[in-house]
Amino acid sequence: MPKKDDENFFVFLIKLVLIVGIFRSFIFSPFNIPSESMLPRLENGDYLLAAKWPYGFSKYSMPFSLPLIPGRVFAHLPARGDVAIFKAPPGNDVDYIKRVIGLPGDTIQMKGGVLFINNVAVPKVKQPDFVIRVSTNTSCVSPEFEVLEKDGTPTCHYPQFRETLPEGKSYNVLDLGYRPQDDTPAVTIPADRLFMMGDNRDNSMDSRFPAMEGGGIGLVPAENLVGRATIVMWSTDGGANWFLPWTWFTAARWNRIGGTF
């Protein structure tokens, strides 16, 4: 009898692994945000679910990028403005998250910090500063943005703007002042490539930079798409201690949980 129970348990484990693998590969998969390149929309310490089916499937949809899918099946291009997860060139082994800005056939250029799509400027309207509290997960990019609030809370205040894409999609970006990447040559996107940018325009290594390990990503092959961001499941400021259970709750950024895209 114990032998049969062991066999049943082994079969159960195999089924469980298969179900989880199928779910993560083809339906939803969790991702965490390890940087501030997508501020203000995403903060370091956010955990989100990505839908796996909107862009089709490739080997990068599979756990560990197992080469079980030839090419890309059920392929669909993202919509401009989507927040997408993809394997970052040139290594194609690290998950990045950026906003889709340029689609095949588009010409993309930055002029004086203003985004141009097909030679037309994307409207950029000043908004109130984006304010984020300094925490274990967050520090100000430079002292000029540090502010001590009246109650003694240290915060970062970043200049914020509202962009509206040609199709009507709007989102906020940060512009920390002039940087070399605020002026770029015009780039026409070839077939099966995408131009990706971080919303934190001056703190994002994205398609404005050539693909280089630990640096830019160049134009991203559509095959590298992994999924589309859908909802923030959890968010923490990094102040939790595994041995102090109450900090699991005090460190949570409750107002961010449930945010959609």
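Everything below is about the structure printed above this text.
Every chain is numbered on its own, with residues counted from 1 as its sequence reads. Where local features are concerned, this predicted model is filtered to residues with pLDDT of at least 70; where side-chain atom pairs are given and counted, the filter is 80 or more; whole-chain, interface and lining totals use all residues. Think of the side-chain values as coming from all heavy atoms in the structure, minus any hydrogens and water.

Trainee: Break down the overall build of the protein for me, citing the residues and quoting the values.
Mentor: Each helix and strand in the protein was counted, giving two helices and 17 strands. Dimensions of the protein, computed from C-alpha atoms along their principal axes, come out at roughly 75 × 50 × 30 Å. Note on classification: 1.4 Å probe, protein chains only; a residue is buried when its accessible area is under 20% of the maximum for its type, exposed when over 50%, partly exposed between these limits. When the 261 residues of the protein are sorted by exposure, 44% land in the buried category. Note on contacts: a residue pair is in contact if any heavy atoms of the two residues lie within 4.5 Å. Intrachain contacts of the protein at a sequence separation of at least 6 include 61% that bridge at least 24 residues. Entry remark: accessible area of the protein is about 13600 Å², with carbon and sulfur atoms responsible for 63%. Starting at the N terminus, helices and strands are each numbered in turn, a helix being any DSSP run of H or I of at least four residues and a strand any DSSP run of E of at least two. The accessible surface values rely on the Shrake-Rupley method and a 1.4 Å probe; as for residues, cover is taken only from the protein chains in view.

Trainee: With reference to specific residues and values, describe the sheet that holds strand E14 (residues 187-188).
Mentor: The pairing of strands in a sheet comes from backbone hydrogen bonds and takes either a parallel or an antiparallel form. Two strands qualify as a pair provided that DSSP identifies no fewer than 2 bridges between them. As summarised here, the arrangement of the four strands in space is E9-E8-E7-E14, forming an open sheet in which the pairing is antiparallel. Across the chains shown, the open sheet's two edge strands, defined by having one partner strand only, are strand E9 (120-121) and E14. Of the pairings in the sheet, the one linking strand E8 (residues 114-117) to E9 comprises two bridges and is antiparallel in character. Residue pairing in the sheet places phenylalanine 116 in a bridge with alanine 121 of E9.

Trainee: Go over the pattern of salt bridges with me, naming the residues and quoting the values.
Mentor: Only one rule defines a salt bridge in this text: a Lys or Arg side-chain nitrogen within 4 Å of an Asp or Glu carboxyl oxygen. Enumeration over the complete set of coordinates arrives at 13 salt bridges. One salt bridge connects arginine 253 with glutamate 43, and the closest N-O pair in it is separated by 3.3 Å. You can see arginine 253 sitting in the segment after helix H2 (247-250) and its partner glutamate 43 sitting in the loop between strand E1 (28-32) and strand E2 (46-51), a full 210 residues away along the chain. Here arginine 253 falls in the buried class, since its relative accessible area comes to 11%. The residue aspartate 129 makes a salt bridge to lysine 126 at a minimum N-O spacing of 3.4 Å. Because the salt bridges share partners, they merge into one network encompassing Glu43, Asp46, Arg253 and Arg256.

Trainee: Quick one: what's the story with the sheet that holds strand E16 (residues 220-221), residue by residue and with numbers?
Mentor: Strand order in this open sheet of seven strands is E1-E2-E17-E5-E6-E15-E16, and the pairing throughout is antiparallel. In this open sheet, the two edge strands, each paired with only one partner strand, are E1 and E16. Bridge count for strand E6 (residues 95-102) against strand E15 (residues 193-197) is three bridges, and the pairing is antiparallel. When the sheet's bridge partners are listed, glycine 102 is paired in E15 with phenylalanine 195.

Trainee: How would you explain the side chain of arginine 80 if you had to name every residue and give the values?
Mentor: Take arginine 80: it is sitting in the loop between strand E4 (72-73) and strand E5 (83-87). Residue classification places arginine 80 among the buried residues on the basis of a relative accessible area of 11%. Residues adjacent in sequence count toward polar contacts only when both atoms are side-chain atoms; beyond that, a polar contact is any pair of N or O atoms within 3.5 Å, and within protein one must be able to donate a hydrogen and the other to accept it. In this structure the side chain of arginine 80 is engaged in a polar contact, spanning 2.6 Å, whose partner is the side chain of aspartate 106. A polar atom in the side chain of arginine 80 sits 2.9 Å from the side chain of glutamate 167. Those residues in contact with arginine 80, other than ones at most four positions away along the chain, are Val100, Ile101, Gly102, Leu103, Asp106, Ile117, Leu165, Pro166, Glu167 and Lys169.

Trainee: Help me get a handle on the packing of aromatic side chains, residues and values and all.
Mentor: Any two rings among Phe, Tyr and Trp, with Trp reduced to its six-membered ring, count as a pair given centres within 6.5 Å; such a pair is stacked if its planes are under 30 degrees apart, edge-to-face if over 60, and tilted if neither. Under the definition given, this model contains seven aromatic pairs. With a centroid separation of 5.1 Å and 70° between ring planes, the pair formed by phenylalanine 26 and phenylalanine 57 is classed as edge-to-face. Of this pair, phenylalanine 26 sits in helix H1 (residues 2-26) while phenylalanine 57 is found in strand E3 (residues 57-58), placing the two residues 31 residues apart along the sequence. For phenylalanine 57, a relative accessible area of 10% puts it in the buried group. Ring centres 6.3 Å apart and planes at 55° place the aromatic pair phenylalanine 86 and tyrosine 96 in the tilted group. Taken together, the residues span a long stretch of sequence, with phenylalanine 86 in strand E5 and tyrosine 96 in strand E6 at a distance of 10 residues. With relative accessibility at 25%, the residue tyrosine 96 sits in the partly exposed group.

Trainee: Hey, could you go over the pairing of E2 for me, with residue numbers and the actual values?
Mentor: Pairing geometry for E1 and E2, over five bridges, is antiparallel. The residue of E2 that forms the bridge with serine 29 is alanine 50. The sheet contact formed by E2 and strand E17 (residues 225-235) spans six bridges and is antiparallel. What sits directly across from alanine 50, in E17, is alanine 229.

Trainee: I'd love a proper account of unusual backbone geometry, names of residues and values included.
Mentor: Between leucine 39 and proline 40 the backbone carries a cis peptide bond, its omega angle lying at 5°. Among the secondary structure elements, proline 40 is positioned in the loop between E1 and E2. Look at the link from proline 89 to proline 90: it is a cis peptide, with omega at 5°. Secondary-structure assignment places proline 90 in the loop between E5 and E6. Its identity is not glycine, yet asparagine 92 carries a phi of approximately 55°, on the positive side. Inspection of the secondary structure puts asparagine 92 in the loop between E5 and E6. Exposure remark for asparagine 92: the relative accessible area of 23% places this residue in the partly exposed category.

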